[in-house]
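Structural features, examined
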Amino acid sequence: MEECISVFDMLKIGVGPSSSHTLGPWRAAERFLGELRSEELLSAITRIKVDLYGSLSLTGKGHATDLAIMLGLSGQDPEYIPIQDIAGIIKTIEAQNELRLGNEVTIPFYFLQDIVFNKDFLPFHANALTFTAFTTDNNQYAATFYSIGGGFVVKEERINAKKKLEIKCSFPFPIQNAEGLLNYTIEENKLISEIVHENELSMRSAETIHQELMRIWSTMLECMYIGCHTEGILPGGLNVRRRAFDMHQNLIGLANYDSPQTWLEEIRKTEVKFRQILKWVSCFALAVNEVNAALGRVVTAPTNGSAGVIPAVLMYYLCIENHKAGEKEIKQFLMVAGEIGSIFKKGSTISAAMGGCQAEIGVSSAMAAAALTEVMGGTPDQVLMAAEIAMEHHLGLTCDPIGGLVQIPCIERNTMGAIKAINAAELAMETDAKNAKVPLDKVIDTMWQTAKDMNSKYKETSEGGLAIAVNMADC
């Protein structure tokens, strides 16, 4: 079965700190509301209980899963909710023990009782949650959802139904793996970004594609801007100090700007020395993931925990490699990144609860490396080689966040993923692709085999590795 995955499925605007543990449960709550409406049950609901399972339960508190569920049940949209409103909405629910279901019906809601953290795992996926609605006639309506990474949410029965129906992808160039993508570029004599654009045109207009890609970039730029201009301590109890602010101040010095766009232009005018390149890239990545850790708005790329890699590498290209680059190159970069991410999702996983951090930072680094290679003039086979190199050097990377928070080691790992992406692109550009020893599809398969062999302690459970070696008191 060929699966159609749009660039806009892989690059989604949402709220941090986690795509699988925050954005996914939020979207699941929205979908549950939709089911209640379609069943004409909303007005009859007297209570809702939510059961979290597996990784959602084990690290849900640190990932704000419970807050996301309350916001989703309240009818809030993570893409558009004013960030400054989040704390007030949560505070009201907790203080009044009431929730405005779908922003239509007020029901009693005791979040300490009505959101249950069950440590056991359901067999279909490590991130599971079940909503149960109780009605005035003593009936119940329940639904189980699985947050499978990157903000994607599925129901098991729908997956099975798709398999039985053998639904075909409607893209003019249906892509299941890297080999198929490369063959299309050869047959059509097109770049990867051009193949992706043709696929997107089968779903939406060229104007919409342009507008949405630029909205994604604008969100990324604003996120970096906010992160570089916000100081203080991140929430959650680890007392992690924001570093992007100080690093940015030291790098940019005295400069005049009043918006993210003029800030970008100011950086482009800065004379950057070699060592400062690494600092700038790290600063951009830190900025994004500090915003993410503080429940700010980011672009899931392909997850929230790895949201800093792609914008940091794109900023590197705009500010260091090509000062003349504009909207054309930005769109090209994002389309290639999105396509590479979709191939990883189809062939392996982008969920840390299933594959460890190789599924997040590793995939985001591969996406960024591929995108950078194309905008720098690399051939399609060099683009795929760059993705392979980046992932090859992330294989086996564990996910063991301290305190279940997307902070240590997650924030720093984005800087490492970004630097590796740039290095991978440079290596690919200097290599004849005919001499490549490991195809991208092979490394994706190896990643999946590694994920299956990895101990569950290292899959976003905070039950092993750094999460155990260093406790919150040590921090």
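Notes on the structure in this doc start here. (Residues numbered from 1 in each chain as written. Predicted model: local features only at pLDDT ≥ 70, side-chain atom pairs only at ≥ 80, totals over all residues. Heavy atoms only, no water.)

Bringing the sheet that holds strand S6 (residues 127-135) into the picture now. Sheet architecture is open: 5 strands sit in the order S5-S2-S6-S7-S8, paired in mixed fashion. A single partner strand is all that each edge strand has here, and the edge strands are strand S5 (115-117) and strand S8 (152-154). Each neighbouring strand pair of the sheet contributes to a mean axis angle of 25°, computed without reference to strand direction. Two elements, strand S2 (residues 45-54) and S5, share 3 bridges in a ladder whose sense is parallel. Note on S5: the bridge partner recorded for Leu-52 is Phe-117. Along the sheet, helix H2 (residues 19-38) makes contact with S2, S6, strand S7 (140-149) and S8, crossing S7 at roughly 150°. (Pairing = 2+ DSSP bridges. Helix = DSSP H or I, 4+ residues; strand = E, 2+ residues; numbered from the N terminus. Axes fitted to C-alpha atoms, helices over the stretch in contact; angles between N-to-C directions. Contact = heavy atoms within 4.5 Å.)

By the element assignment, Ala-293 lies in helix H13 (residues 274-293). In this structure Ala-293 touches Pro-17, Leu-234, Pro-235, Val-406, Gln-407 and Ile-411, once residues within four positions along its chain are discounted.

Turning our attention to the packing of helix H10 (residues 206-228) against helix H15 (residues 327-347). The N-to-C vectors of H10 and H15 enclose an angle of 90°; their axes lie 10 Å apart at closest approach. On the basis of the axis angle, H10 is roughly perpendicular to H15. Residues His-210, Leu-213, Met-214, Ile-216, Trp-217 and Met-220 of H10 form the contact with H15, whose participating residues are Glu-327, Ile-330, Lys-331, Leu-334 and Met-335. Within the contact of H10 with H15, the residues separate by chemical class into 8 nonpolar, 1 polar and 2 charged. (Parallel < 35°, antiparallel > 145°, perpendicular 65-115°, else oblique. Nonpolar A, V, L, I, M, F, W, Y, C, P; charged D, E, K, R; others polar.)

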